[in-house]
Structure formats: structure tokens, C-alpha cells
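Here is what each chain is made of, one letter per residue.
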Amino acid sequence: MKFNYRFSNLLGTVFRQGNLSFTPDGDSVISPVGNRLTVFDLKNNKSETLPLATGQNIACVGLSPDGNVAVLVDNEGAAVLVSMVSKSVLHHFHFHKPVHSVRFSPDGRKFVITKDNVALMYHAPGKKREFNAFVLDKSYYGPYDETTCIDWTDDSKCFAVGSRDMSTWVFGAERWANLVYYALGGHKDAIVGCFFEENSLDLYTVSQDGTLCAWQCDTELDGLLARPPKDTTAPTKTGSDKKRGAEDEVDDLEEQQGEEIRGKANPETAERAGKVKYSRLSKQFFNKEGDFNNLTAATFHKKTHLLVTGFASGIFHLHEMPDFTLIHSLSISDQRIASISMNRTGDWIAFGCSGLGQLLVWEWQSESYVLKQQGHFNNMMSLAYSPDGQYLVTGGDDGKVKVWNTSSGFCFVTFTEHTSSVTAATFTTSGFVIVSASLDGTVRAFDLHRYRNFRTFTSPRPSQFACLAVDSSGEIVCAGSQDSFEVFVWSMQTGRLLDVLVGHEAPISSISFSPVQTMLATASWDKTVRLWDMSDSWKTKETLSLNSDALTVTYRPDGKELAVATLDGQITFWDPQNAVQTGSIEGRHDLQMGRKETDKITAKQSAKGKSFSTLCYSADGQSLLAGGASKFVCIYHIQEQILMKKFEISCNRSLDAMEEYLDRRKMTEFGSLALIDEGAGDEDGASIALPGVKRGDMSSRHFKPEVRVTCLRFSPTGRSWAATTTEGLLIYSLDSGLVFDPFELDLDITPSSVRRTLRQKEYTAAIVMAFRLNEKALIREVLESVPSAEIDVIGSSLPEVYVEKLLQFLPVAFETSAHLEFYLTWAQRLLMQHGQSLKTRSGSLLPTIQALQKSIQNHLEDVSKLCDWNRFNMKYALALSRQRGMKRVADAPVSDEEEVEGSDSSMEDQSEDELVQI
């Protein structure tokens, strides 16, 4: 078995912190999600997380004007240059201090970053290969406090920088004769945004207290004068010049590092002579009613002159400048708006709310949502695939049950009926019912047709349900209790409590139904796993004794094996028919725990008390996924009982327990510096930490979450598996495109020989040769060369081995090819002709058939929506034609009435016949 699984997508989280950006075409939003970057394609309704990551959470993103490269900077100032085309890392760089914003110039030749009280301008990486992609051009000093925001003029001649010291500075990208720097005041709080008008040096500045200042410049962009060139003549050196030789060499070295420009807030009168001047045109206030709340984000669209501002209360304002006309004001969230961005045309506005993890795209003209997504704003605890692998359901500590589309990556329904943490969620075998258990004492069933909670199961006495299982028929629902040590059994049809299974002496940790039999396995902290027979009045058939507390139990897909993870770090395998242990894996050392910042012992000692908390069999039952309170997911080969591979789910050092050893440079005699949250409350109003509190104000909930894996599930198609982690819902898929995997290859099989056979119209031989070479493009070329009339004959003559390979190829073809009917014909003929022989190998072929079903179902939904739309439009056109015909009848002379009625009725009948045919 091959383990070529690669990270493919991140669901469950849509925005954490940082700034949102639109792509140059305006159709996609780029959102930083933890230490990864997700692209939401609004036009095609898809999301994709790039297969790269930074060392910590991303603090800011700078996208080049052509959209080809981006600069990602994390919380510590480590920068990554990323190609948005190849989706790979091009260069690493470290700014050594936290960076607040990154902005490319409109011409794409420079970019500016702000850190501390300085703005640094770098040469943008070009299209040619360079040894160092980050070459410093100039350093701009002037503000006394941290710099917060950047904006460029349209011709890239100047840029403005806002600061926390309530000042805004305008710098020249070059040393212009009449503009090197200019300082603007007028505010009483930190600057949130500064924006140039289109093709002008006129400026708007917005501060945190809700104040807007409009500034007018007395000089146009064309009025900026170039400095005269330096005198390059070399005079003879005097004695004093020789003394300064060493200083000149030092200056030369500094010039190689970049030029420094130091601004003064109050320059002398002689320095101002002949320079550009700014004057304040107006001063506006957003909080006119006195309901004061902080302005937290702002953006300005230069072409439409629209200013969008977001506030800590979740309200945003849309104003038209320069008249400061309020277009509308809406509340979109209960939490502060952290980031705002507008697309190229100015139609769509993207909002990011980090408190609840919300991402919204609003079309202001129609006042409607283009995108409205929110992840779980607390830990995700449970996960389940639908039977066809098309949907995922997740349950979280926030009490929400969310359903995700694996193809698009979007959540399309959220159920909020639970009032406490959701501990388990699963699909029934029909795929249209979701059952979830919660600590609020209820088990709820949700209908995916009407999106409603149609059943609520409760126990006679209030109980906290920790685990859940539904039998293969979908009629029996079981849930295990944490406090009463009982398992409750309900009927899905009636909603009544059928039985209460008593026998465990400790909390029930996990339950699982056999896929093929009427058997229920329950694991408990009393060091036993009990097998209950549903067909025999729920009597205990067997009791499996363990060496430690049982944490999770799961059946193999064929129901012939049982895997149990225990508190001592072991995974044991049992034969449920004979109640005999068939093997065990010592997995404690494979977890490879990290050391938390508050731990008093080393990671190696801490790992001795750790164990796996979630298990999952692969679709073919040959391997086992295991995860727990660690950044690793282990995959074991069951028959050999060996570790095959370890997947590192995160490299994000913003999470706790990531490193095996603590950084001794952060250790002092008073404790670890990492426990001191220096930036706590800077943006939430409380900048001074309370005395004696380690992590700032406790009400602001600043904490460092611990990395862990709470649930693992394999897709029924066998092509992917998913994990709910601290980072979100991670999906790993088989990366078959990067692997050359020929089948029974010999020297005579080459692409040219395959095409030669194809030209001789020996289609069966050509298909066999193409599959032996196993190149996707060549297989598609051969299949699409087969005449549709001969599919029946060729399909019947294919060997059984290649029928299976062709069925595996068809789902890929459905996703990428436009020949839908052609490949549907292939699928129908192969299943009709080889159905009986394929049925004998149904166990191994199940993932292939499910992948094929998923692809066809996706196309069915898309085509049916299009057909319904066309049908309704045609009905509307027919209704209009009838209405106009009746009007013509009313206006026609009496003598011609019969003729008009006859022509109208014939036209109507003909249109109805055409619609029926379509």
C-alpha cells in the first residue's frame, strides 16, 4: 500500500488574523488562516489552501499588483516569498521584529514594510533569478511610535505611513527636490488608515477614535521635481579628507545596506522653502451620536471614492468621499472587524472578524452577501464523512454542527440547536441524516433535505453524552454517558428510548457499531470493552479485559476486527467473534510529544503518560490512523504491526507543545519570557496588563492553544483522510499526479507505440498499453479517440484487471474533461457488462465505486440546476408570448379574430411541444 498522501485543503477555519486581499481580477479573496493561506474563489465557488506554511501565525500579507507573488510575514517577522502560480516558497527572509503591514507599489517594482517606528522600502523580486530576493533600498525614519499602515500614490512616486503616535508621514519613493518627507498631525488617537486620492497627493487619514481628516496638497504628482544629479568629479584630497577615509568606507558599506531618510516633525523654515505643503480641508467624526467605540479597520477605493470603515462593535460604515456622504451602515458581526478589503471594481467588500473567525464578502449595491463563512470559533471535537465522501460534518465546543462540501471547501449549513459542546457527530447510511451528541444531555437528528432538527433524544435522567453510534440500517441510535456509566438506545423512527445498557463501572469513552452485524462495542474507563448483541435483547455477548483504561474503539470496515486504544499508549487488536486478542502496537513513543511552556518536566518524560485518543481504519482495512495530543498522526500497517509513516499536521510555533526543547534564550531567573504576553490588549483597549497576571487581562482571553488531534476519519473513497486539529479541519489526499507508477511495463511500451497502435484502430490494445504506461494525459487521449459506437464492443473485450483500472480513472476524467456523456457511456457499459464479476470483489472495489458515484452526483447537481434554470426561463418566455398574443387578439379587428386565435393556439402548441422535447 502506498502512502502518497499530501496536504490538500484546510476547512473549518476561514480567517484568524492579518489582512484580507483581493486578487487583481477581483474574483478571489486571499485570507490568512493561522500559518497558512487560503484562496476563496468567489466566481467558481471553491476554496483552496496553499500547500505551504510559515513558522507562526501570519500577521500580514502583501500581494504584488500582477498577483504572481506574495510576501507573507508571521508574528515574529519571518517573511516568506510565495509564488501564487506554482504555489511554492521562493525565498525566506527575517526582519527580526514584528511587521505591521506590507504593501507593493502599483508598478510592482518596490514594496514597503513597517516595523517598530521605521518604514523599509525593498526592491521587489523580479522575474529573473536572484541570489537575494529582498534588497533594501531605503529606510525611512520619522514616527516616534509603531507604524501601522501604508498607502501608495498611483504612479508609485510617494507613499504615506500612519503611526500610533497620531501622526501620518508622506515620503518620496525617490529623493524629490520638493518632497522628501512631510508630517501630518490633527488626530488624537492612533492612525488606522491613510489613503491617497486617485492620481493625486491629496490624502485622507482615519484614526482609532473615529476621526477622519482630509488633506489637500498644493502640488500635483507631475509637479514633483527630480533632484539634480550628484557631482561626480573627484577633487584632490586634502589632509582633512584623508582623515575621513575610514568614515567614507563605512558610509559606502552603509549605502550598500540602503539609504536612510530621517524626517523631522517640525522642520525649520529654511528647510520648508520650496517644498510641497499640505493643508487640512475638513475634519469629520464617525461617532456623532456619542456611542463611542473604536474604529478598527478601514479601506478606500480610489476609482469610486468609497471609504469603508469597521468598528469594534461589528458595525461598518460606507461613505462616499470627499463629501462624506453615508451610503449605508450595517452590523455584520458581534465582534470587532479586524480587516477590510475591496476588489478592483469596488463592488465587493471583504470583512474579516478574528474573534469569531468570520469571513464575509458584501456586495454593497445589491445589499447582499456574496460569501458568508464562519468556522468553529472553538475547538472541533468530532468529524464524519458522508457515505459517498462528498460531505463532512464537524461538531465543536461552540455547540455548533457544521456540514462542509469536500469539493468546494465551503460550509453550506450550520445547526445551532445544541446548547453545549458537541462531542460526536455522524451520518446515517442514507447520507441525508446527521446525528449528533452533546454535553447538554441531548442527541439530535438533523434532516439534510429540509435543514431542520426533526428528532431530539433525551435520557430519563439528565446525562452528558460523550460518544455516539448509529447502526448500519440507520434505525438504532446509541449514546454513551459520562456521568451515569450507561449506554442509551433509541429508535430513530419513533424517538422513544428502547433500552438502557448497564454494566460498565466507569464513564463510557467510545462506542462503535459493527458494519456487518448487529453488534455494539462499548469502551470504558473501567478497563473493559463490552460487546452487546442487538438481535438477542442487548445481552452482553463478550467482555474484553484490558490492561488500562479504554479511550476509543473502532471496527474494521468488514467487521472482522476491533481496534482499541488504551491509556498506557497501546493499540490492541481483537477478533470480536472469538473475543481473542490478535495483536498489539506500542505507540507511546511514536506520538513524540512536545514540551509545553508551563511544563516542569521534559517532553520525553511527559510522553510516558500520553496515549492515542482517536483511531480510524483505512477504507481497505489494511492500515490504521492514530492521533492524540501531539502534532503527529501515525499510520500503522496492521498485519505487520509497524509504523509506516508519520504526518506532521502543523509546524506553527504559535501553538503550545510544538518544540521538544524549550528555548533557553527565553529563560530567566524569574521564569520563561514566553509566558509574558507583551502585546496583550493593544488593539482591544486595555494596553496595560493587570499586576501579577501572566497573560494580560483575562477577560480578553489571550491564550496559546495546545496542538492536538481530536478526531480522524478516512474517506469512504479511500482517496483522502481528514483530521480535526487545533489548526482546523485538515484534509490529506492521494497525490497521484506527482508519482510515476507504471503497471507491467516493458521496453516495447512507449507513448509513440501507443499512438501508433491507436492509428491502426486497435483500440483495446491501445487502452491496455496506455494503462500499463499509466500516464493520465495519454490514457485520456486514447479513450477519447475511441468512437462512441464501439464502446460496447471494446468494453466487453477488456481484461478484468484493466476494467478496474478504467473505473478508477473515470472519476478523474469526470472532474477534468468536458465530454460528460462520453464518459458516462463508458461507466454504464463497464458496469453493465462486468457487474457480476465486479460484485465478487466488492470489498476491494468499494472505494472506486464510491469515488465514481461522488463524481457523477456532483455533475448531476450542477446539470440539474442548469436545466431547471433553463426550463423556468422557457416557461417565462412562453407566458410572455401568451400575454402578448392575448393583447394582439384584444386589439385586432372583429373580422380577423378567428384567424388570430388560430395562429396563437398553433404557436402555443408548437412551443409546448418543443419544451416537452427539451
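Computed from a predicted model, the values in this text were never measured in an experiment.

Draft legend 1. Local environment of the overall build of the chain. Each helix and strand counted, the chain has 13 helices and 59 strands in total. Counting the 918 residues in the chain, one finds 50% classified as buried. Contacts in the chain between residues far apart in sequence, at least 24 positions, make up 49% of those at least 6 positions apart. Total accessible area on the chain is roughly 44200 Å²; 49% of this is exposed by carbon and sulfur atoms.

Draft legend 2. Summary view of the side chain of T296. Summarising the element assignment, T296 is placed in strand β23 (residues 295-301). Within polar-contact distance, the side chain of T296 engages the backbone oxygen of I337 at 2.5 Å. Here T296 is in contact with V192, G310, F311, A312, R336, I337 and A338, once residues within four sequence places are set aside.

Draft legend 3. View of the confidence of the model for the chain. Per-residue confidence for the chain averages 83 on the pLDDT scale, and 86% of its residues sit at or above 70. Throughout residues 231-256 the model reports pLDDT below 50, and contacts reaching past four residues in sequence, or to other chains, amount to 2 contacts. Counting interchain partners and residues more than four positions distant, the pLDDT-below-50 stretch residues 896-918 has 14 contacts.

Draft legend 4. Examining helix α9 (residues 800-816) more closely. Given a rise of 1.5 Å per residue, 17 residues ought to cover 24 Å, and the 25 Å separating the end C-alpha atoms of α9 matches this to within 8%. At L810, α9 shows its largest kink, close to 25°, and the proline P811 lies no more than four residues downstream.

Draft legend 5. Main features of helix α10 (residues 820-833). In a regular helix each residue adds 1.5 Å, so 14 residues correspond to 20 Å; α10 covers 20 Å between its end C-alpha atoms and thus fits that length. Every buried residue of α10 is listed here: F822, Y823, T825, W826, A827 and L830.

Draft legend 6. Just the packing of aromatic side chains, in detail. Inspection of the entire model under this criterion finds 39 aromatic pairs. Note on F40 and F410: the rings are 5.9 Å apart at their centroids and 25° apart in plane angle, and the pair reads as stacked. Of this pair, F40 sits in strand β4 (residues 36-41) while F410 sits in the loop between β33 (401-405) and β34 (411-415), and the two are 370 residues apart along the sequence. The pair F40 / F410 is uniform in exposure class, with both members buried. Between Y140 and F159, the aromatic rings sit 4.9 Å apart at their centres with planes inclined by 85°, giving edge-to-face as the arrangement.

Draft legend 7. Geometry of the packing of helix α6 (residues 763-773) against helix α7 (residues 776-784). Interaxial distance between α6 and α7 falls to 9 Å at its minimum, and their mutual angle equals 170°. The pairing of α6 with α7 is recorded here as roughly antiparallel in orientation. Only L778, I779, V782 and L783 of α7 make contact with α6, whose side of the interface consists of A766, I767, A770, F771 and L773. Tallied by class, residues from the contact of α6 with α7 come to 9 nonpolar, no polar and no charged.

Draft legend 8. Main features of the pairing of strand β24 (residues 306-311). With respect to burial, β24 is a largely interior element, 6 of its 6 residues being buried. Going residue by residue along β24, you find L306, V308 and G310 tucked away on one face and L307, T309 and F311 tucked away on the opposite face as well. With 6 bridges connecting them, β23 and β24 associate as antiparallel partners. Paired with A297 across the strands is G310, a residue of β24. In this structure, β24 lies alongside strand β25 (residues 315-320), joined through 5 bridges in antiparallel fashion.

Draft legend 9. Up close: the sheet that holds strand β38 (residues 452-458). Across the sheet, 4 strands lie side by side as β35-β36-β37-β38; this open sheet has antiparallel pairing. Each edge of the sheet is formed by a strand with only one pairing partner; in this case those strands are β35 (422-427) and β38. Adjacent strand axes in the sheet meet at a mean angle of 20° when their direction is disregarded. Bridging between strand β36 (residues 433-438) and strand β37 (residues 442-447) involves 5 bridges; their strand directions are antiparallel. Among the inter-strand pairings, V435 is bridged to a residue of β37, identified as A445.

Draft legend 10. Geometry of the nonpolar core. Counting 35 residues, the largest nonpolar core has I767, L783, L798, L810, Y823, W826 and L830 as its most contacted members. Those elements that place two or more of their residues in this core are α5 (751-759), α6, α7, α8 (791-797), α9, α10 and α12 (842-891). Filtering out sequence-adjacent residues up to four positions away, L798 remains in contact with T764, I767, V768, V803, L806, L830 and H834. Residues L625, F647, L655 and F714 belong to the second largest nonpolar core, which totals 21 residues.

Draft legend 11. Focus on the sheet that holds strand β15 (residues 158-163). The strand order β14-β15-β16-β17 describes an open sheet built from 4 strands, whose pairing is antiparallel. Either end of the sheet is taken by a strand with one partner, and the two such strands are β14 (147-152) and β17 (181-184). Within the sheet, the average angular offset between the axes of one strand and its neighbour, ignoring direction, is 20°. Across 5 bridges, β15 lies against strand β16 (residues 168-172) in antiparallel orientation. Each residue of the ladder has a partner; that of F159, found in β16, is F171.

Draft legend 12. Representation of the pattern of salt bridges in the model. If you walk through the whole model with that rule in mind, you get 22 salt bridges. Across the pair K87 and E48 runs a salt bridge whose closest N-O atoms are separated by 2.8 Å. Note that K87 is positioned in the loop between β8 (78-83) and β9 (88-94) and E48 in strand β5 (residues 46-49), a separation of 39 residues in sequence. Measuring nitrogen to oxygen at the nearest pair gives 3.7 Å for the salt bridge that ties E174 to K110. A residue pair is termed long-range when its members are at least 10 positions apart, and E174 in the loop between β16 and β17 and K110 in strand β11 (residues 110-115) qualify at 64 residues.

Draft legend 13. Representation of the pairing of strand β41 (residues 487-491) within the structure. Among the 5 residues in β41, 5 count as buried, and that is most of the element. Because side chains alternate across β41, one face comprises the buried residues V487, V489 and S491, and the other comprises F488 and W490, equally buried. In the sheet, strand β40 (residues 476-481) pairs with β41 via 5 bridges, with the strands oriented antiparallel. By the bridge assignment, I476 is partnered in β41 with S491. With antiparallel pairing between neighbouring strands as the criterion, β40 and β41 make up a hairpin whose turn holds 5 residues, including F485 at a positive phi of roughly 60°.

Draft legend 14. Structural view of the environment of Y204. Among the secondary structure elements, Y204 is positioned in strand β19 (residues 203-207). Taking C-alpha positions, Y204 is 9.5 Å from M321, a pair spaced 117 residues apart along the chain. Those residues within four positions of Y204 in sequence are excluded, and the remaining contacts are G193, C194, F195, E197, L212, C213, A214, F300, M321 and P322. Polar contacts involving the side chain of Y204 include one to the side chain of E197, which spans 2.7 Å.

Draft legend 15. How the structure looks around the state of the cysteines. Tallied over the full model, the rule gives 0 disulfides. Unpaired in terms of disulfides, C217 finds its nearest cysteine sulfur in C158, a separation of 8.5 Å. With a relative accessible area of 6%, C217 lands in the buried category.

Draft legend 16. Structural context of the packing of α5 against α7. Relative to each other, α5 and α7 sit at 5°, their axes nearing to 11 Å. Compared by their axis directions, α5 and α7 come out roughly parallel. Along the contact surface, α5 presents P751, V754, R755 and L758, while α7 presents L778, E781 and V782. Within the contact of α5 with α7, the residues separate by chemical class into 5 nonpolar, no polar and 2 charged.

Draft legend 17. Quick look at the side chain of D137. You can see D137 is positioned in strand β13 (residues 135-141). Assessed through its relative accessible area of 14%, D137 is described here as buried. At a separation of 3.1 Å, a polar atom in the side chain of D137 contacts the side chain of K110.

Rules used throughout
Residues numbered from 1 in each chain as written. Predicted model: local features only at pLDDT ≥ 70, side-chain atom pairs only at ≥ 80, totals over all residues. Heavy atoms only, no water. Helix = DSSP H or I, 4+ residues; strand = E, 2+ residues; numbered from the N terminus. Buried < 20%, exposed > 50% of the residue type's maximum accessible area, 1.4 Å probe, protein only. Contact = heavy atoms within 4.5 Å. Areas by Shrake-Rupley, 256 points an atom, 1.4 Å probe, with all protein chains shown as cover. Polar contact = N/O pair within 3.5 Å; in protein donor to acceptor, adjacent residues only side chain to side chain. pLDDT = per-residue confidence, 0-100. Expected span 1.5 Å × (residues − 1). Bend = angle between axes of the 7 residues up to and from the residue. Phe/Tyr/Trp six-rings, centres within 6.5 Å; stacked < 30°, edge-to-face > 60°. Axes fitted to C-alpha atoms, helices over the stretch in contact; angles between N-to-C directions. Parallel < 35°, antiparallel > 145°, perpendicular 65-115°, else oblique. Nonpolar A, V, L, I, M, F, W, Y, C, P; charged D, E, K, R; others polar. Pairing = 2+ DSSP bridges. Core = buried A, V, L, I, M, F, W, Y, C linked by side-chain atoms within 4.5 Å. Salt bridge = Lys/Arg side-chain N within 4 Å of Asp/Glu carboxyl O. Disulfide = S-S within 2.5 Å.

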